[in-house]
Every structure is written in structure tokens, then in C-alpha cells.
Amino acid sequence: MNISLQSKTVKPLKALILAGGFGTRLRPISCTRPKSLFPIVNKPLLQWTFERLAKNNITEAILAVNHQTEVYIKQHRIPKCELHIRYSRDPLRKPLGTGGPIKKAEKLISHDNPFLVLNGDIFADVNYTEVLNIHKEGKAVATIALHRAEDPSRYGVAELAEDNRIKRFIEKPARGTAPTNLINAGVYVLSPKILDYIPNGKTVSLEREIFPKLADKGTLYGYAFEGLWMDIGKPEEYLQLNKILLDSFTNKRKLRSRARTEVKNPVAFDKGVSIGEKSFIGPYAVLGRDIVVGNNVHIRDSVIFPGVTVGDSSSINGAIIGEGAIIGRGVKIEKGCIIGDYAKIKDNVSLAENISVCPAKEVSESALTPKCIY
Ligand code: GDD
Ligand code: MG
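Just so it is clear, the structure is predicted and the values come from calculations on it, not from any experiment.

Draft legend 1. Up close: the packing of aromatic side chains. Across all of its chains, the model carries seven aromatic pairs by this definition. Relative to Tyr-238, the ring of Phe-38 has its centre 5.3 Å away and its plane inclined at 85°; by these criteria the two rings are edge-to-face. A residue pair is termed long-range when its members are at least 10 positions apart, and Phe-38 in the loop between strand 1 (14-18) and strand 2 (39-40) and Tyr-238 in helix 6 (residues 235-248) qualify at 200 residues. For the residue pair Phe-38 and Tyr-238, the accessibility class agrees, reading buried in each case. Relative to Phe-305, the ring of Tyr-238 lies with its centre 6.4 Å away and its plane at 55°, an arrangement referred to as tilted. Taken together, the residues span a long stretch of sequence, with Tyr-238 in helix 6 and Phe-305 in the loop between strand 22 (302-304) and strand 23 (309-310) at a distance of 67 residues. Among the residues examined, Phe-305 registers a relative accessible area of 1% and is labelled buried. Lys-43 extends its terminal NZ or CZ atom over the ring of Trp-48, reaching a point 4.1 Å from the ring centre. Above the face of the Phe-123 ring, Arg-52 is positioned so that its terminal group lies 5.1 Å from the ring centre.

Rendered as C-alpha cells:
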């Protein structure tokens with residue numbers, strides 16, 4: 001899809017990416033990187049977003065970050081896809097929420113043109129032009145891309161009128177009380193007028209404090225779309241997004257593997273992955289850069305971050321393994337486990353379902369009930 005959002009007479013659309021949240025539900029992996037840097041099939045989510053923006057002829061992206069996320073993002077050296085990247089930082093000790101960072105970036109946003117805002121933790125196959133068109137037609141202050149969800153209570157929910165106006169917007173309604181299953185997909189076109197609604201220097205929730213007001217005034221519009229959409233806020237969603245994308249393409253990269261390794265597609269291997277004999281990889285295994293896997297290892301339904309070592313006769317099923325972790329021999333890691341970066345799981349340890357291990361922690365005893373080992 002290559003859609004132009006520019007014409008010779010109109011200034012190019014700028015995008016602001018909200019990337020300063022703390023990713024609490026993805027701990028302990030999110031203790032050491034922001035959600036926007038989680039690899040999705042071996043490519044940081046933010047890179048997918050940059051690529052999508054560039055394909056849509058957007059030339060400038062403002063990253064609304066906090067001090068820590070800015071450091072992590074810069075360290076990652078994500079290809080910029082020819083975008084002009086600028087940073088707008090929340091004040092120290094004062095996260096500005098989802099609205100405050102937009103006001104904070106006021107000087108970087110064009111004042112005579114609508115702009116795009118994206119939640120930084122979503123993967124959204126949205127046609128930005130369609131959102132922009134609805135925005136312009138309605139002379140809206142804000143236009144939200146909307147997606148259908150089975151359980152809308154975890155999201156912002158919109159009640160949409162026939163003319164694309166949002167009659168009501170409720171952020172995270174109590175379970176069973178949502179008026180529709182149309183949810184806020186975290187992609188907005190905003191008119192500069194939005195800046196009049198957000199106080200300076202304050203923590204503001206766009207979804208709780210601003211959108212309901214705009215809905216009452218009749219200046220909030222919605223665009224329902226059907227493409228792939230996912231928020232990676234929870235571990236199971238993160239794994240699910242990897243799975244969906246794995247299904248959509250196969251990795252052709254050659255493995256440095258010895259004889260009799262069985263690879264069951266779909267799988268993805270980044271550069272420098274090496275696998276021993278009689279190991280079974282897949283289906284749905286994503287192996288990051290420079291991973292070393294021993295003999296007789298089973299890995300499926302899991303994402304393994306770069307630099308991990310997995311010893312002989314271990315099995316990993318339905319887990320997320322953080323960067324540089326060392327998994328010993330004869331280790332068993334079950335569904336829902338999350339192993340923090342550089343953690344060390346010693347030989348013959350079994351981790352039952354839903355166990356998290358903090359970064360750099362050494363685990364020498366098996367754990368059989370869900371808990372966080374710190
Ligand atoms: N700069 C900055 N400062 N960014 C922030 C802050 C902050 O204080 N707080 C959150 N963000 C960023 C997060 O990094 C994320 O990319 C985005 O804002 C949304 O915040 P989340 O914390 O992930 O919100 P949510 O997932 O509970 O709900 C939001 O997203 C849903 C869709 O995934 C809401 O927008 C819902 O209405 C929406 O349905
Ligand atoms: Mg989120």
C-alpha cells in the first residue's frame with residue numbers, strides 16, 4: 001500500500017508517536033526496554049511503525065518519550081526509513097499521560113494542518129488517508145481509527161453514528177457495560193484545535209478527559225477499519241502478534257544447523273542463529289540474532305530475544321526469553337513464562353506455567369506455581 005498524504009499545496013502530515021508508557025504488564029522484559037522496542041518477528045515494533053509511516057509518505061515523526069525510553073530508542077539505532085525523527089520528552093518524574101505529551105510537542109506540530117498520533121505499542125494496518133478524509137469531511141477536532149474487539153472493556157469504546165460522528169466515548173468501561181465492540185485502535189488524526197483542550201505541563205488522559213468532551217460537542221469522529229490490529233500490552237498479545245505475522249510470511253534465512261534438526265514452519269531466524277542436532281524448532285518459534293541452541297532442544301510457540309543460549313535437552317513452550325538469557329541443560333520452560341534479560345536458569349530446573357524471572361536473576365531451583373522470581 002503506497003498512499004500519498006501530501007499534495008503540492010498541502011504541508012506534509014506529521015506523526016507523533018506516544019512512546020513514554022511503562023509497559024507494566026510486560027514485566028520483566030519491559031523493565032529493560034520500552035514496549036515500542038519489543039521485537040516483532042525480529043524487528044522492533046517502532047521499526048514496523050517507521051516503515052508504515054514512510055510508505056504513507058509521512059516525512060517527520062515526533063517521538064513523545066520519557067528520559068529512559070529516549071535513551072533506549074537511541075541506543076537501538078533503528079533504521080529511520082528516511083523519516084526526520086524528533087524527540088519530545090516528558091518532564092522528569094512527571095509522565096504526561098496520553099494527552100500531555102501532545103501539548104508538550106506543541107512547537108513541533110504544524111498549526112495549520114491536522115497531524116497523526118499513534119500509540120507506540122500497537123501494530124495497526126490502518127489506511128491513514130481514510131482516517132484523514134473522514135476527519136476533513138466532518139471538520140473534526142479528532143478522528144479515531146476504530147477496530148472491533150471481542151472484549152472491549154480493556155480499551156476505549158466508541159458509539160458511532162451513521163455520519164461517522166462518535167456520539168459517546170468511554171475509556172475502559174466495566175466488563176459487560178460497553179455500548180458497542182468498536183474500540184479505539186490508538187491511531188488518531190487531530191486538528192491543531194486539540195491543543196486548546198490540553199492544559200500546559202499537566203498529566204492528561206486524552207481518552208478520559210478530552211475525547212468524551214469532544215464527543216459531547218459533536219467534533220469527535222471515527223473510522224472503523226478491518227485490517228490487522230493488535231496492542232502488545234500483554235504477553236499473550238505479544239506472542240499472538242508474532243504468530244499472526246509468522247503466518248503471513250516465511251523466513252528464508254539459512255540456519256547454521258547440524259544434521260537432523262527438524263524445523264516446523266512457520267518460524268523466523270535472525271542472523272547468526274545456530275542449532276545443534278536432533279532439535280525441534282517450531283511451529284511458531286522466533287529466534288533472534290546470535291542465538292545458540294544445543295542438541296535435542298524443543299522450542300515452539302515462543303519468542304527468543306537475541307544472544308540467548310539454550311543448553312542440550314531443554315524445552316521452551318509458549319514463553320518469552322529475554323536478551324542474553326542463559327538457559328542450562330535439561331531445563332523445562334512452560335507456557336506463559338517470561339524470562340528477563342541476562343537471567344540464568346541452571347541445569348535441570350523446571351519452570352511451570354506463568355513464572356516470571358527478573359533480569360540477571362540466577363534460578364537454581366524448580367518453580368511449580370505461578371510467581372515472579374526476583
Ligand atoms: N510520552 C508518554 N507519556 N507516553 C505515554 C504515557 C506518558 O505518560 N503514558 C502512556 N503513553 C503511551 C504508551 O507508551 C502507549 O504507546 C500509549 O501511550 C497508550 O498507553 P497505554 O498505557 O498502552 O494505554 P492502554 O493500552 O491501556 O489504552 C490505550 O490504547 C488502547 C489501544 O491499544 C487507550 O488509548 C485506549 O483507548 C485504546 O483502546
Ligand atoms: Mg497499550
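Draft legend 2. A look at the sheet that holds strand 27 (residues 332-333). Read across the sheet, six strands follow the order 15-18-21-24-27-30 without closing on themselves; strand pairing throughout is parallel. Strand pairing shows two members of the sheet lacking a second neighbour, strand 15 (262-263) and strand 30 (350-351), which therefore form its edges. As judged from the three bridges shared by strand 21 (residues 298-300) and strand 24 (residues 315-317), these two strands associate in the parallel manner. Bridged to Ile-299 within strand 24 is Ile-316.

Draft legend 3. Spatial organisation of the sheet that holds strand 28 (residues 338-339). Spatially, seven strands are ordered 16-19-22-25-28-31-33 in an open sheet, and the strand pairing comes out parallel. The sheet is open, and its two edges are formed by strand 16 (267-269) and strand 33 (371-373), each paired on a single side. Bridge analysis of strand 22 against strand 25 (residues 320-321) gives two bridges, and the strand direction is parallel. Pairing of Ile-304 across the sheet is with Ile-321, part of strand 25. The strands that helix 6 touches are strand 16, strand 19 (285-287), strand 22, strand 25 and strand 28; relative to strand 22, the one it contacts most, it runs at about 90°.

Draft legend 4. Representation of the coordination of the magnesium ion (ligand 2). For the magnesium ion (ligand 2), the protein coordination sphere consists of Asp-121 (OD) and Asp-231 (OD), at 2.0 to 2.6 Å. Of this pair, Asp-121 sits in the loop between strand 6 (115-119) and strand 7 (122-124) while Asp-231 sits in strand 13 (residues 229-231), and the two are 110 residues apart along the sequence. Take Asp-121 and Asp-231: they sit in the same class, and that class is buried.

Draft legend 5. Up close: the pairing of strand 5 (residues 84-89). Bridge count for strand 4 (residues 60-65) against strand 5 is six bridges, and the pairing is parallel. Looking at the pairing, Ala-64 lines up with Ser-88 of strand 5. Read as a crossover between parallel neighbours, the route from strand 4 over helix 2 (residues 67-76) to strand 5 is right-handed.

Draft legend 6. Looking closely at the side chain of Lys-14. With respect to the helices, strands and loops of the structure, Lys-14 is situated in strand 1. A residue is classified by how much of its surface remains accessible, and Lys-14, at 19% relative accessible area, is buried. For Lys-14, the side chain forms a polar contact with the main-chain oxygen of Leu-108, separated by 2.8 Å. In this structure, Lys-14 is in contact with Glu-60, Leu-108, Ile-109, Ser-110, Phe-115 and Leu-116, ignoring residues within four places of it in sequence.

Draft legend 7. Here's a closer look at the pattern of salt bridges. Scanning the model with the defined rule gives 20 salt bridges in all. Notably, a salt bridge pairs Lys-35 with Asp-121, separated by 2.8 Å at the nearest N-O pair. Note that Lys-35 is positioned in the loop between strand 1 and strand 2 and Asp-121 in the loop between strand 6 and strand 7, a separation of 86 residues in sequence. Judged on exposure class, the residue Lys-35 and its partner Asp-121 are both buried. Between Arg-154 and Glu-237 there is a salt bridge, with the nearest N and O atoms lying 2.2 Å from each other. Of the two residues, Arg-154 sits in the loop between strand 8 (142-148) and strand 9 (156-160) while Glu-237 sits in helix 6, which places them 83 residues apart along the sequence. Among the ionic contacts, a cluster of salt bridges with common partners joins Lys-14, Glu-60 and Arg-86.

Draft legend 8. The arrangement of the site of ligand 1 in detail. Not every one of the 26 residues close to ligand 1 is listed here, only the nearest: Asp-90, Glu-171, Asn-184, Glu-207 and Asp-231. One of the side-chain N or O atoms of Lys-172 is found 2.8 Å from an oxygen atom in ligand 1. At 2.4 Å from an oxygen atom of ligand 1 is found a side-chain nitrogen or oxygen belonging to Asp-231. About the coverage of ligand 1: the protein hides 89% of its 740 Å² of free accessible area. Secondary-structure elements contributing two or more residues to the shell around ligand 1 are strand 4, strand 11 (182-190) and strand 13. The residue inventory of the shell around ligand 1, partitioned by class, reads 11 nonpolar, eight polar and seven charged.

Calculation criteria
Residues numbered from 1 in each chain as written. Chains lettered and ligands numbered in written order. Predicted model: local features only at pLDDT ≥ 70, side-chain atom pairs only at ≥ 80, totals over all residues. Heavy atoms only, no water. Phe/Tyr/Trp six-rings, centres within 6.5 Å; stacked < 30°, edge-to-face > 60°. Helix = DSSP H or I, 4+ residues; strand = E, 2+ residues; numbered from the N terminus. Buried < 20%, exposed > 50% of the residue type's maximum accessible area, 1.4 Å probe, protein only. Lys NZ or Arg CZ within 6 Å of the ring centre and 35° of its normal. Pairing = 2+ DSSP bridges. Contact = heavy atoms within 4.5 Å. Axes fitted to C-alpha atoms, helices over the stretch in contact; angles between N-to-C directions. Donors = N, O, S within 2.8 Å, 3.2 Å for Na, K, Ca; no water. Right-handed = clockwise from strand over helix to strand, strands pointing away. Polar contact = N/O pair within 3.5 Å; in protein donor to acceptor, adjacent residues only side chain to side chain. Salt bridge = Lys/Arg side-chain N within 4 Å of Asp/Glu carboxyl O. Near = heavy atom within 4 Å. Areas by Shrake-Rupley, 256 points an atom, 1.4 Å probe, with all protein chains shown as cover. Nonpolar A, V, L, I, M, F, W, Y, C, P; charged D, E, K, R; others polar.

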